[in-house]
Amino acid sequence: MRLLNLLRPLLATVAFVAAAAGASAADFKDGLDYNTVNGPAPDTGKKVEVLEFFMYHCPHCNALDPELAAWVKKNSDKIVFRRMHMGDDAQAKAFYTLEAMNALGNGMHEKIFHAIHVERNRLNTDQALLDFVVKNGVDKAKYLETFNSFGVQTKLKRGEQVANQYKLDSVPAVVIDGRYTTSPAVAGHGLTSAAAAHTAMFAVMDSLVAKSLQERAGKK
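Residues numbered from 1 in each chain as written. Predicted model: local features only at pLDDT ≥ 70, side-chain atom pairs only at ≥ 80, totals over all residues. Heavy atoms only, no water.

Colleague: Residues and numbers for the overall build of the chain, please.
Modeller: A count of helical and extended segments in the chain gives nine helices and five strands. Counting from the amino terminus, helix and strand elements in the chain follow one another as α-β-β-α-β-α-α-α-α-α-β-β-α-α. The proportion of buried residues among the 220 residues of the chain is 44%. Sequence-distant contacts, at least 24 apart, represent 77% of the contacts inside the chain between residues at least 6 apart. In the form shown here, the chain has an accessible surface area of approximately 11900 Å², with 55% of it arising from carbon and sulfur atoms. (Helix = DSSP H or I, 4+ residues; strand = E, 2+ residues; numbered from the N terminus. Buried < 20%, exposed > 50% of the residue type's maximum accessible area, 1.4 Å probe, protein only. Contact = heavy atoms within 4.5 Å. Areas by Shrake-Rupley, 256 points an atom, 1.4 Å probe, with all protein chains shown as cover.)

Below, the structure is given as structure tokens:
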């Protein structure tokens, strides 16, 4: 009996994840599994915008990142994926600088996560981040020029404005087509493991992408 009591939370989680994997939009509830927001419709043509809010020092964002990358790749025919770094700290400014330079590819984004969460290099100052990106092949002069640009300052402010607009106060979180928000915490309510919460979130995201595609088609 004691073993059965210990197993019940695990069995409930497995059942929830199995159900979520086969669910449709109608199976998820607004205000419970996701939230509807009054955001502007992104200009992304026939594809649905998926916007992630994250922070480099967030361990939950680090854990989600490889799974989210795989999901984005799988759905690349349906979505346009973007990221915004929440906050206005050194890591946010580095992110927007590298983004403006088109320097987040070639593994740079993943290297920053790895340095912080695996190598325990906090990378929480402008100088530490400068040294790190230069060590990893970024041109120092160009980085500093971009870092100090008006464009990067604008992106920092815009990130905070958009997060407030979507009523986001924690990360990781995603915004689907400017109209729906969800996260591992929201979609995975009641679940006891990060893996199960991620699975639940991706199921909700799948349903919201499908819903958004139908809504876009209906507007034509």
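Colleague: I'd like to hear about the pairing of strand E3 (residues 79–85), residue by residue, with values.
Modeller: In regular strands, side chains alternate between the two faces of the sheet. By the bridge criterion, seven bridges tie strand E2 (residues 48–54) to E3 in an arrangement that is parallel. The residue of E3 that forms the bridge with phenylalanine 53 is methionine 84. With respect to chirality, the unit in which E2 leads through helix H2 (residues 59–74) into the neighbouring parallel E3 is right-handed. (Pairing = 2+ DSSP bridges. Right-handed = clockwise from strand over helix to strand, strands pointing away.)

Colleague: How would you explain the pattern of salt bridges if you had to name every residue and give the values?
Modeller: All chains considered together, the criterion is met by seven salt bridges. With its nearest N and O atoms 3.7 Å apart, the salt bridge here joins arginine 83 to aspartate 65. With arginine 83 in strand E3 and aspartate 65 in helix H2, the pair connects residues that are 18 residues apart, well separated along the chain. Lysine 211 is the salt-bridge partner of glutamate 215, the closest N and O atoms lying 3.7 Å from each other. Placement of both glutamate 215 and lysine 211 in helix H9 (residues 194–218) is noted, with a separation of four residues, approximately one turn of the helix. Three or more residues joined by partner-sharing salt bridges are found here, namely Glu52, Asp65 and Arg83. (Salt bridge = Lys/Arg side-chain N within 4 Å of Asp/Glu carboxyl O.)

Colleague: So, unusual backbone geometry: which residues are in play, and what are the values?
Modeller: With an omega of -5 degrees, the peptide bond between valine 171 and proline 172 qualifies as cis. Notably, asparagine 102 is not glycine yet its phi reads approximately 55 degrees, a positive angle. Relative to the helices and strands, asparagine 102 resides in the loop between helix H3 (90–100) and helix H4 (108–117). Given the relative accessible area of 73%, asparagine 102 is considered exposed. Even without glycine at this site, arginine 120 takes up a positive phi of about 60 degrees. Following the sequence through the fold, arginine 120 ends up in the loop between H4 and helix H5 (126–135).

Colleague: Explain the packing of H5 against helix H6 (residues 140–147) to me, using residue names and the numbers behind them.
Modeller: Packed helices, taken two at a time, are described by their axes: the angle between them and the distance between them. For the pair H5 and H6, interaxial distance at closest approach is 10 Å and the crossing angle is 140 degrees. Looking at the two axes, H5 sits oblique to H6. Taken as a pair, H5 and H6 cross one another with a handedness that is right-handed. For the pair H5 and H6, the contacting residues are Asp126, Leu130, Val133 and Val134 in the first and Lys140, Tyr143, Leu144 and Phe147 in the second. Looking at side-chain class alone, the contact of H5 with H6 contains six nonpolar, no polar and two charged residues. (Axes fitted to C-alpha atoms, helices over the stretch in contact; angles between N-to-C directions. Parallel < 35°, antiparallel > 145°, perpendicular 65-115°, else oblique. Left-handed = near helix turned anticlockwise from the far one by under 90°. Nonpolar A, V, L, I, M, F, W, Y, C, P; charged D, E, K, R; others polar.)

Colleague: Please provide a residue-by-residue account of the pairing of E2, values included.
Modeller: In terms of burial, E2 is a largely internal element, seven of the seven residues being buried. Going residue by residue along E2, you find Val48, Val50, Glu52 and Phe54 tucked away on one face and Glu49, Leu51 and Phe53 tucked away on the opposite face as well.

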